[in-house]
Amino acid sequence: MPANSQTPDPDAGPSEGYTKRTLAAQAMGRIDPITKGVVPPLHVSTTFLRDPDNAYSSGFSYGRADNATVRETENVLAMLEDAAGALLFGSGMAAAAAVFCALEPGAHVIAPRVMYWGLRRWLQQESLRLQISVDFVDTETTENVRSAIHPGETKLVWIETPGNPLWTIADIAAVATLAHDAGARLAIDSTAASPFHTQPLTLGADIVMHSATKILNGHSDVVAGVLACAKTDAIWERITTIRAGWGAILGPFEAYLLMRSLRTFSLRAAAQAAGAAILADRLSQHPHVSAVLYPGLPGHPGHEVAARQMRNGFGFMLSIRVAGGEAAAIATAANVKLWKRATSLGGVESLIEHRASVEGPGTPCPIDLLRLSTGIEDPDDLFSDLDRALWAAHGGKA
Ligand SMILES: *Cc1c(COP(=O)(O)O)cnc(C)c1O
């Protein structure tokens with residue numbers, strides 16, 4: 001069975017010479033050979049007819065290992081990441097876990113101090129059972145990664161940039177060089193950057209991971225994860241085997257919805273980044289905001305590196321620190337009307353969340369921080385709503 005989706009296809013659309021936006025808009029331009037439909041069909045069959053000689057000439061044998069709708073969505077994602085291959089999983093966590101589970105026992109891993117809290121907690125809980133050791137370091141300073149590397153033992157450096165929820169920036173190219181010099185691989189959680197802003201594989205990363213639940217799907221109605229690779233090497237084979245064996249593949253209906261979302265991905269990502277930039281700028285001048293954390297702001301410690309490795313803006317995520325501390329932050333979130341008080345990020349609707357109370361003890365997140373996921377609403381409306389809530393939390397506008 002093919003490991004992945006790179007077989008030539010007579011009905012495939014043109015793939016050379018067009019931009020990612022163009023290719024994604026047409027889901028690679030593929031036309032259904034039977035109906036000539038411009039939308040790829042939803043393949044639901046879990047099992048496939050064998051040839052008289054018992055072979056599977058179609059390349060499909062059973063739905064836990066592979067599915068045609070999943071493959072077509074993976075093709076779009078691989079194109080967006082300039083990847084040699086992509087694999088979809090039932091969630092971002094399943095995708096990330098597959099990378100760590102593909103390591104050999106005894107492997108040393110470097111992970112960031114500021115990262116998706118669910119994965120940090122999973123690593124803390126599971127690393128012992130997986131017989132891997134994990135050091136959490138401030139990866140926004142490349143020197144810290146250099147000192148944390150154990151030559152010969154470090155097999156994986158995992159970074160997240162921008163890093164949730166402080167939007168710290170790691171220098172992908174510099175960390176890739178360090179990792180490779182030490183014989184380790186570099187994997188990146190690029191959920192907050194999305195392929196609209198960064199192609200980590202072209203900067204030297206070996207594997208890129210996304211929670212496709214977030215801006216890739218963008219409609220808050222699918223839980224999914226994706227890995228994409230620079231080359232289909234031994235660890236990628238192992239990850240492919242893990243996905244099939246552990247039954248972690250995304251369902252076809254979710255893959256179909258994700259493909260539908262990817263057609264408008266660049267429009268949504270552009271609008272959301274533009275909105276976030278406006279909000280970051282206006283909130284920086286707000287009397288009840290003590291800090292705005294957004295890599296697009298010139299004062300952000302990672303701004304220079306972000307400007308080098310991101311394009312089309314700096315993403316849809318920002319955080320604010322509310323003057324007056326935890327109570328004022330929670331009161332601000334309590335007073336919004338347009339923003340939705342909810343976890344997650346990347347959807348077309350804007351979300352606000354007090355992260356410290358979600359992440360609990362051990363979080364690097366300050367208690368006065370509110371995380372903002374910018375949707376596609378009018379930025380003026382989003383700002384007015386926050387402005388009103390900030391004033392309400394501080395006793396009303398004088
Ligand atoms: C949501 C998220 C994850 C986990 O993804 P799920 O799809 O929820 O499993 C991982 N990393 C980041 C940065 C996320 O925002």
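As the structure is a computational prediction, the values presented were derived from the model and not from experiment.

(A) Expanded view of helix α12 (residues 325-335). Within α12, burial applies to Ala 328, Ala 329, Thr 332 and Ala 333. Angularly, the buried residues of α12 cover 140 degrees about the axis, an arc narrow enough to put them on a single face.

(B) Molecular detail of the domain arrangement of the protein chain. Examined at the domain level, the protein chain breaks down into domain 1 (20-262) and domain 2 (265-393). Distance between the C-alpha centres of domain 1 and domain 2: 26 Å. In this assembly, 38 residues from domain 1 lie in contact with 42 residues from domain 2. Summed over both sides, the interface between domain 1 and domain 2 buries roughly 3,200 Å², with carbon and sulfur atoms accounting for 61% of that surface. It is Trp 167, Phe 196 and His 197 in domain 1 that bury the most area against domain 2; as a group they hold 25% of the surface buried on that side.

(C) Summary view of the packing of helix α3 (residues 92-101) against helix α4 (residues 117-130). Remark: α3 packs on α4, axes separated minimally by 11 Å, with the N-to-C direction vectors making an angle of 35 degrees. Both α3 and α4 take part in a crossing whose hand is right-handed. Here Met 93, Ala 96, Ala 97, Phe 100 and Cys 101 of α3 come into contact with α4, specifically with Gly 118, Leu 119, Trp 122, Leu 123 and Leu 130. In terms of residue class, the contact of α3 with α4 is built from nine nonpolar, one polar and no charged.

(D) Structural detail: the site of the ligand. Residues in contact with the ligand amount to 14 residues; listed here are only the nearest, Met 93, Asp 189, Ser 211, Thr 213 and Lys 214. Within the contact set of the ligand, an oxygen atom lies 2.9 Å away from a backbone nitrogen or oxygen of Gly 92. In the environment of the ligand, an oxygen atom lies 2.6 Å from a nitrogen or oxygen atom belonging to the side chain of Thr 213. Contact with the protein chains removes 91% of the 380 Å² of surface that the ligand exposes when unbound. Those elements that place two or more of their residues in the shell around the ligand are α3 and β6 (207-211). Of the residues in the shell around the ligand, the class split is five nonpolar, six polar and three charged.

(E) Representation of the side chain of Ser 91 within the structure. On the secondary structure map, Ser 91 appears in the loop between β1 (85-89) and α3. A polar contact of 3.0 Å, which involves the side chain of Ser 91, links it to the backbone nitrogen of Ala 94. Dropping the residues within four chain positions of it, Ser 91 is found in contact with Val 223, Ala 224 and Gly 225.

(F) Layout of the sheet that holds strand β11 (residues 351-354). A sheet is described by the order of its strands in space; here five strands give the open sequence β8-β9-β12-β11-β10, paired in mixed fashion. Each of the sheet's edge strands pairs with one partner strand only, and the pair in question is β8 (289-293) and β10 (340-341). Sheet topology note: the β8/strand β9 (residues 317-322) ladder contains four bridges and is antiparallel. Bridge pairing links Val 292 to Ile 320 in β9. Taken strand by strand, helix α10 (residues 265-284) contacts β8, β9 and β12 (369-373), and its axis lies near 15 degrees from that of β9.

(G) Representation of the nonpolar core in the model. Counting 60 residues, the largest nonpolar core has Val 76, Leu 186 and Leu 258 as the members making the most contacts within it. Two domains each put at least three residues into this core: domain 1 (20-262) and domain 2 (265-393). Grouped together as the second largest cluster of nonpolar side chains are 32 residues, Ala 96, Ala 102, Trp 158 and Ile 207 included.

(H) Quick peek at the packing of α12 against helix α14 (residues 379-393). For the pair α12 and α14, the least separation of the axes is 8 Å and the interaxial angle reads 135 degrees. Comparing the axis directions of α12 and α14 gives the class oblique. Note on packing geometry: the crossing formed by α12 with α14 is right-handed. Contacts between α12 and α14 pair Ala 328, Ala 331, Thr 332 and Asn 335 from the former with Leu 386, Arg 388, Ala 389, Leu 390, Ala 392 and Ala 393 from the latter. The residue inventory of the contact of α12 with α14, partitioned by class, reads seven nonpolar, two polar and one charged.

(I) Highlighting the sheet that holds strand β2 (residues 108-112). Pairing in this open sheet of seven strands is mixed, and the strands run β1-β7-β6-β5-β4-β2-β3 from one edge to the other. Both outer strands of the open sheet, β1 and β3 (133-137), are each paired with one neighbouring strand and no more. Here the average twist between neighbouring strands, direction ignored, is 20 degrees. Bridge count for β6 against strand β7 (residues 225-229) is five bridges, and the pairing is antiparallel. Of the residues in β7, the one forming a bridge with Met 209 is Leu 227. Here helix α2 (residues 68-80) sits on the sheet and contacts β1 and β7; the angle it forms with β1, its principal contact strand, is near 125 degrees. Relative to β3, α4 is tilted by about 145 degrees, and along the sheet it contacts β2, β3 and β4 (154-160).

The rules behind these values
Residues numbered from 1 in each chain as written. Predicted model: local features only at pLDDT ≥ 70, side-chain atom pairs only at ≥ 80, totals over all residues. Heavy atoms only, no water. Buried < 20%, exposed > 50% of the residue type's maximum accessible area, 1.4 Å probe, protein only. Helix = DSSP H or I, 4+ residues; strand = E, 2+ residues; numbered from the N terminus. Arc of directions from axis to C-beta. Domains from an automatic or database assignment. Contact = heavy atoms within 4.5 Å. Buried area = accessible area lost by both parts, 1.4 Å probe. Axes fitted to C-alpha atoms, helices over the stretch in contact; angles between N-to-C directions. Left-handed = near helix turned anticlockwise from the far one by under 90°. Nonpolar A, V, L, I, M, F, W, Y, C, P; charged D, E, K, R; others polar. Near = heavy atom within 4 Å. Polar contact = N/O pair within 3.5 Å; in protein donor to acceptor, adjacent residues only side chain to side chain. Areas by Shrake-Rupley, 256 points an atom, 1.4 Å probe, with all protein chains shown as cover. Pairing = 2+ DSSP bridges. Core = buried A, V, L, I, M, F, W, Y, C linked by side-chain atoms within 4.5 Å. Parallel < 35°, antiparallel > 145°, perpendicular 65-115°, else oblique.

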